[in-house]
Amino acid sequence: MKAMKVLQVPMMLAVAFLLVFLLRGTVSAAEAQTIIPSADGAGNASTCQYEAPAHSKGITVSAPVLISRAGEVNMTVTVASESNAIRIILSKNPSLHATDDWLDCVPNLQAEAGNLYTISLKGYAEGACTWYLHLTPRDDNRMSVSVSAWQDVNKVTTGGELKKGKWKDGYIYNEEHPAYFKIKAASSGCIKVETTSDKTITLLNSKKKEFSFDTENKGKTVYYAVKKGTYYLKVAGEEGFRIRYTLESIKTGKNTKRAKAALLKKGKTQKGMFPVGSVNNNHWYKFTLEKDKTIKLNIKTRRNDAAGPVKCMVLWEKSGKKDEIRSYGNLKPGAATIKMRLKKGTYYVSLDGGIDTGSYSIQWK
């Protein structure tokens, strides 16, 4: 369960809160007024009030929360107190001891006399049901509580099929209830997945099974180089989002050995990729200079933020002698330019993507 934000309001507001509270009346623990969240959003939130008198340490007010339909339930709990501690729990169970049924909680709100404290609670209801809000003073001072509750109708997304280039809306309540989106790669290439908020994305095979290697990434944009076929994207996180994917078609090369190095012509851009699960992510290219020259080697990689760098090595092939390394470096995701003064001869470029997936383009001029 995540930590709640606590807001302090100065003494004058605390006094005003108590005056309004006393004029409207209070509800004791024995009367435990039912909370009925408004179905019209935060602007029309319903409000209930409770009071724990002095010497009520450890006595819990358990207020039923009557939920009429599926959707996200939100609450703001405002505490005006002479107390220095209160436990607040939102649960599916009338017993606060049933910890497995807790939805959200503030185990020990530290308060100061003369201030208002407001915290936020929320949970997702799969349908009409009753929850319980448990309020427990942790000392013997008086405590006054106001609860505002409302419901947003956000149906949890379990999945569906994504069409290439088309945005799809979704809603996930927590990491334990991910959504599964089917995608079809019409050719080999690099899949770019975009979301409107950071989400944990995992690429699965056509049977919704994880690969034997890690394909989990987090961010607004993630990349996967794949072969032609059907895949699933497992999306985990919280709250609403939009998602889409696009596919850049790239042929799988055979240049995984120096002896099969692909010819790299001056000024011509070549594309390559490091497919998911590939056992050899080392690619080779070669070019020849007819005279001594300063060149620029431009390499752009499309990789996930957590991916390791692409290792780049430029070798000079010397007849009858051991090759000479002319340049070596680690390329982070994005664009990079390697500038070199080279002698006449044949050169080999090695790009090693390690165990991570993604695509790249390479050019020299």
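In every chain, residue numbers begin from 1 and rise along the written sequence. Note on the predicted model: pLDDT of at least 70 is required for a residue's local features to be given, and 80 or more for side-chain atom pairs to be given and counted; whole-chain, interface and lining totals, by contrast, use all residues. The side-chain values count all of the structure's non-hydrogen atoms but skip hydrogen atoms and water molecules.

Draft legend 1. Spotlight on the environment of T76. By the secondary structure assignment, T76 is in strand β4 (residues 71-81). Each C-alpha atom of the pair T76 and S148 lies 5.3 Å from the other, and the pair is 72 residues apart in sequence. Only DSSP runs of H or I with at least four residues qualify as helices, and only runs of E with at least two residues qualify as strands; both kinds are numbered from the N terminus onward.

Draft legend 2. Structural view of the sheet that holds strand β22 (residues 324-331). DSSP bridges decide pairing: two strands pair if at least two such bridges lie between them. With mixed pairing, 5 strands are arranged side by side in an open sheet as β17-β19-β24-β21-β22. Either end of the sheet is taken by a strand with one partner, and the two such strands are β17 (262-263) and β22. Bridge count between strand β21 (residues 310-317) and strand β24 (residues 345-352): 7 bridges; the pairing is antiparallel. Each residue of the ladder has a partner; that of M313, found in β24, is S350.

Draft legend 3. Quick look at the nonpolar core. Take the buried residues of types Ala, Val, Leu, Ile, Met, Phe, Trp, Tyr and Cys, join any two whose side-chain atoms come within 4.5 Å, and each joined set is a nonpolar core. Burial classes follow relative accessibility: with a 1.4 Å probe on protein chains only, a residue under 20% of its type's maximum area counts as buried, one over 50% as exposed, and anything between as partly exposed. Formed by 29 residues in total, the largest nonpolar core has its most connected members in I35, M75, V77, I88, L121 and L133. Those elements that provide at least two residues to this core are β2 (46-52), β3 (61-67), β4, β5 (86-91), β6 (102-109), β7 (116-125), β8 (129-137) and β9 (143-152). What makes two residues a contact is simply this: any of their non-hydrogen atoms within 4.5 Å. For I88, the residues in contact, after removing those within four places along its chain, are V77, V79, D104, C105, V106, L109, I119, L121, L133, H134 and L135. One finds I299, V310, V314 and L351 within the second-largest nonpolar core, a separate group that totals 22 residues.

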